[in-house]
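What follows is each chain in one-letter form.
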Amino acid sequence: MTDKRLRVFSGVQPTGNIHIGNYLGALRQFVALQEENDCIYCIVDLHAITMPKDPAELHAHILDVAALYMAVGLDPKKSILFVQSEVPGHAELSWILTCCSYTGELSRMTQFKDKSRGNESAPTGLFVYPALMAADILLYDADVVPVGQDQRQHIELTRDLAIRVNNRFGEDTFVVPEGRFLKEGARVMALDDPAAKMSKSAENEMSRISLLDDDAKIKKAIMRATTDSDGEIRYDIQKKPGVSNLLAIYGAFAGISAEDVAARYQGQGYGTLKKDLVEITVDALRPIKERFAEIRPSNELARILKDGAARADAIAGPVLARVKERFGLGV
Ligand code: ATP
Ligand code: LTN
């Protein structure tokens with residue numbers, strides 16, 4: 001990174017089953033970035049209600065994500081950790097940006113298309129979701145947004161909206177942010193179907209490894225992972241998506257490239273690769289689970305989130321005031 005401290009913003013939905021895709025694609029970057037930058041990490045509860053949620057479950061998942069943020073290594077003294085709905089500016093700026101967006105561009109978002117597929121009518125919140133995400137980012141003048149590959153299109157839309165507003169109201173209205181994607185881990189695929197991304201909501205539990213899964217479940221999911229029948233260990237996403245996914249997960253945990261993992265296992269069977277991957281994954285998740293068990297029951301959690309919201313609000317306030325003034329809103 002450059003010498004200058006950058007403003008970093010990202011968010012995770014409190015929807016349960018936070019998995020190794022979320023960790024390897026996003027959370028791991030959050031931790032690495034916090035040492036040298038000004039980082040703001042949000043639990044995006046307003047995004048979570050775009051699909052109906054049980055209130056008690058939603059509330060528990062908010063605290064789960066907060067505890068997981070800290071369990072993976074985020075330090076509330078270094079990064080701002082908070083819940084989206086605690087800072088009203090998100091909803092306010094979201095409306096302003098909704099008014100700057102077009103139904104055509106929102107209909108092209110693949111996440112919307114995927115989540116609304118097969119239904120004649122979709123929830124409106126799901127449709128305008130990317131405007132809320134753009135508001136999250138632009139509200140803090142963020143320079144960098146660490147996310148997984150699936151969010152690339154939403155980041156592009158955020159940039160388009162920022163540039164559109166800047167062209168109309170002045171270049172210094174919004175900072176135009178950049179996405180930050182890792183090479184290994186940015187797109188972890190489902191273990192039972194390497195054509196689909198690993199997802200919190202997939203019905204088959206064995207399709208993912210959640211950060212809080214016990215060792216037996218981790219072993220079962222990896223040993224059952226879909227591969228192919230030619231038996232050759234090679235990194236080739238097109239021709240060997242299942243094996244390549246395992247190599248990428250291994251590489252992401254071990255801090256080496258998937259190609260290097262393939263070279264290390266050349267000539268060996270899938271069984272050996274899978275067994276070693278179980279060990280690496282179990283070892284990587286053990287300390288996270290231990291810290292989660294300590295942090296989650298603590299009363300400190302709510303205090304940390306309230307404090308984070310106050311600090312976030314202090315940054316958001318002047319940005320929102322600037323934007324409203326440019327638009328001619330208010331008294
Ligand atoms: P899911 O699709 O699993 O329900 P999500 O993408 O809808 O999850 P979030 O919890 O908000 O929702 O995602 C948090 C972060 O994890 C985002 O930066 C997202 O890009 C990243 N992410 C999600 N799935 C994967 C994956 N399979 N591989 C890599 N990164 C991922
Ligand atoms: N849309 C993202 C979650 C999200 C986000 C954000 C990520 C909401 N707001 C702002 C980065 C920055 C998702 O579905 N994974």
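The sections below set out a description of the structure shown in this document.

**Regarding the packing of aromatic side chains**
Then, in step 1: A complete count under the given rule lists nine aromatic pairs for this structure.
Then, in step 2: Note on Y23 and F253: the rings are 6.3 Å apart at their centroids and 25 degrees apart in plane angle, and the pair reads as stacked. In this pair, Y23 sits in helix α1 (residues 20–34) while F253 sits in helix α10 (residues 241–254), placing the two residues 230 residues apart along the sequence.
Then, in step 3: Given a relative accessible area of 15%, Y23 falls into the buried group.
Then, in step 4: For F253, a relative accessible area of 18% puts it in the buried group.
Then, in step 5: Aromatic pair F30 and Y41: ring centres 4.4 Å apart, planes at 5 degrees, arrangement stacked. On the criterion of sequence distance, the pair formed by F30 in helix α1 and Y41 in strand β2 (residues 38–43) is long-range, its members being 11 residues apart.

**Comments concerning the packing of helix α4 (residues 89–98) against helix α13 (residues 300–327)**
Working note: a packed helix pair is described by the angle between its axes plus the distance between those axes.
Then, in step 1: At a minimum axis distance of 11 Å, the contact between α4 and α13 shows a crossing angle of 30 degrees. As judged from the angle between their axes, α4 and α13 are roughly parallel. When you trace α4 past α13, the crossing you get is left-handed. Residue-level inspection shows G89, E92, L93 and I96 of α4 in contact with α13, the latter providing L320, V323, K324 and F327.
Then, in step 2: Broken down by class, the residue content of the contact of α4 with α13 amounts to five nonpolar, one polar and two charged.

Calculation notes
Residues numbered from 1 in each chain as written. Chains lettered and ligands numbered in written order. Predicted model: local features only at pLDDT ≥ 70, side-chain atom pairs only at ≥ 80, totals over all residues. Heavy atoms only, no water. Phe/Tyr/Trp six-rings, centres within 6.5 Å; stacked < 30°, edge-to-face > 60°. Helix = DSSP H or I, 4+ residues; strand = E, 2+ residues; numbered from the N terminus. Buried < 20%, exposed > 50% of the residue type's maximum accessible area, 1.4 Å probe, protein only. Axes fitted to C-alpha atoms, helices over the stretch in contact; angles between N-to-C directions. Parallel < 35°, antiparallel > 145°, perpendicular 65-115°, else oblique. Left-handed = near helix turned anticlockwise from the far one by under 90°. Contact = heavy atoms within 4.5 Å. Nonpolar A, V, L, I, M, F, W, Y, C, P; charged D, E, K, R; others polar.

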